[in-house]
Amino acid sequence: MRLKTSLILVLAIVTVGVSACATTASQSAQTPQTVDHVRLDDYLGTWYEIGRLPMSFQNKCTHNVTANYTLKDNGKIKVLNTCQTKDGQMSADGEAYPIDDTNAKLKVSFLPSFLKKLPIGQADYWVLATTEDGQNYTSALVGTPDRKYLWVLSRTPSLDERIYQNYLDIARQNGYDLSAFSKTPQK
């Protein structure tokens, strides 16, 4: 009887230990790692989408997907996303603002301006990795912390394959499922 009690106690301790390790690992895996800091002034401008995880807004986009960020008078960032569709061009106007001092985590809203002040319809936009050429950002990996959406962006319509693959590796390390990830044609 004493051996049975000891065995149950040991199994309980091992189970709790394994559960604690699994919980710690999954908790740390729940939050993708962002870059330490983003210089917003250097991040502004036009970005070409090199690849993405699918999102409903972009279902009709066939090629030439871009995002343009400009600073507004109120200190927020104007976002203009455009793409070519089989029927012409499509665009969406939005607004973004950083949620902490790192500027690596932003909230973005594409709601009409009279609804943008409400705490609904805001999405997370996290800068997970960047590449720089001197003082300028040349490419970026951006995703949502829930890992549903992910974009590889570049200042030019193409991106060095090594950088592209490195971004995909970073995404995998942060727990993104890339089975539906696709390259975006830039013509």
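Residues numbered from 1 in each chain as written. Predicted model: local features only at pLDDT ≥ 70, side-chain atom pairs only at ≥ 80, totals over all residues. Heavy atoms only, no water.

Section: the state of the cysteines
Next, step 1: Taken as a whole and judged by the stated rule, the model has 1 disulfide.
Next, step 2: Paired through a disulfide, cysteine 61 and cysteine 83 show a sulfur-sulfur distance of 2.1 Å. Classification of the bridge connecting cysteine 61 and cysteine 83 rests on its S-S torsion, roughly -70°, and on that basis the disulfide is left-handed. Of this pair, cysteine 61 sits in the loop between β1 (45–52) and β2 (63–71) while cysteine 83 sits in strand β3 (residues 77–85), and the two are 22 residues apart along the sequence. The same class applies to cysteine 61 and to cysteine 83, which are both buried. (Disulfide = S-S within 2.5 Å. Helix = DSSP H or I, 4+ residues; strand = E, 2+ residues; numbered from the N terminus. Buried < 20%, exposed > 50% of the residue type's maximum accessible area, 1.4 Å probe, protein only.)

Remarks on the environment of isoleucine 77
Next, step 1: For isoleucine 77, the location among the structural elements is in strand β3.
Next, step 2: Residues within four places of isoleucine 77 in sequence aside, it is in contact with Leu40, Leu44, Tyr69, Thr70, Leu71, Lys72, Gly94, Glu95, Ala96 and Leu106. (Contact = heavy atoms within 4.5 Å.)

A look at the layout of surface pockets
The probe, sized like a water molecule, is rolled over the atoms to show the empty space still left.
Next, step 1: Space inside the largest pocket adds up to approximately 620 Å³.
Next, step 2: Here the lining of the largest pocket is built from residues that sort into 24 nonpolar, 7 polar and 3 charged. (1 Å grid on protein atoms, 1.4 Å probe; cavity = no way out; pocket = protein on both sides within 12 Å on 5 of 7 lines; lining within 4 Å. Points joined across faces, edges and corners; volume = space filled by probe spheres on them. Nonpolar A, V, L, I, M, F, W, Y, C, P; charged D, E, K, R; others polar.)

Some points on the pairing of strand β5 (residues 105–109)
Next, step 1: With 4 bridges joining them, strand β4 (residues 88–98) and β5 adopt antiparallel strand pairing. From the neighbouring strand, proline 98 faces β5, where its bridge partner is leucine 106.
Next, step 2: Taken together, β4 and the strand that follows it, β5, pair antiparallel across an intervening segment of 6 residues, in which asparagine 103 is found at a positive phi of about 65°.
Next, step 3: Here β5 runs beside strand β6 (residues 122–133); their pairing, made up of 5 bridges, is antiparallel. Residue lysine 107 lies in a different strand from β6, and its bridge partner there is aspartate 124. (Pairing = 2+ DSSP bridges.)

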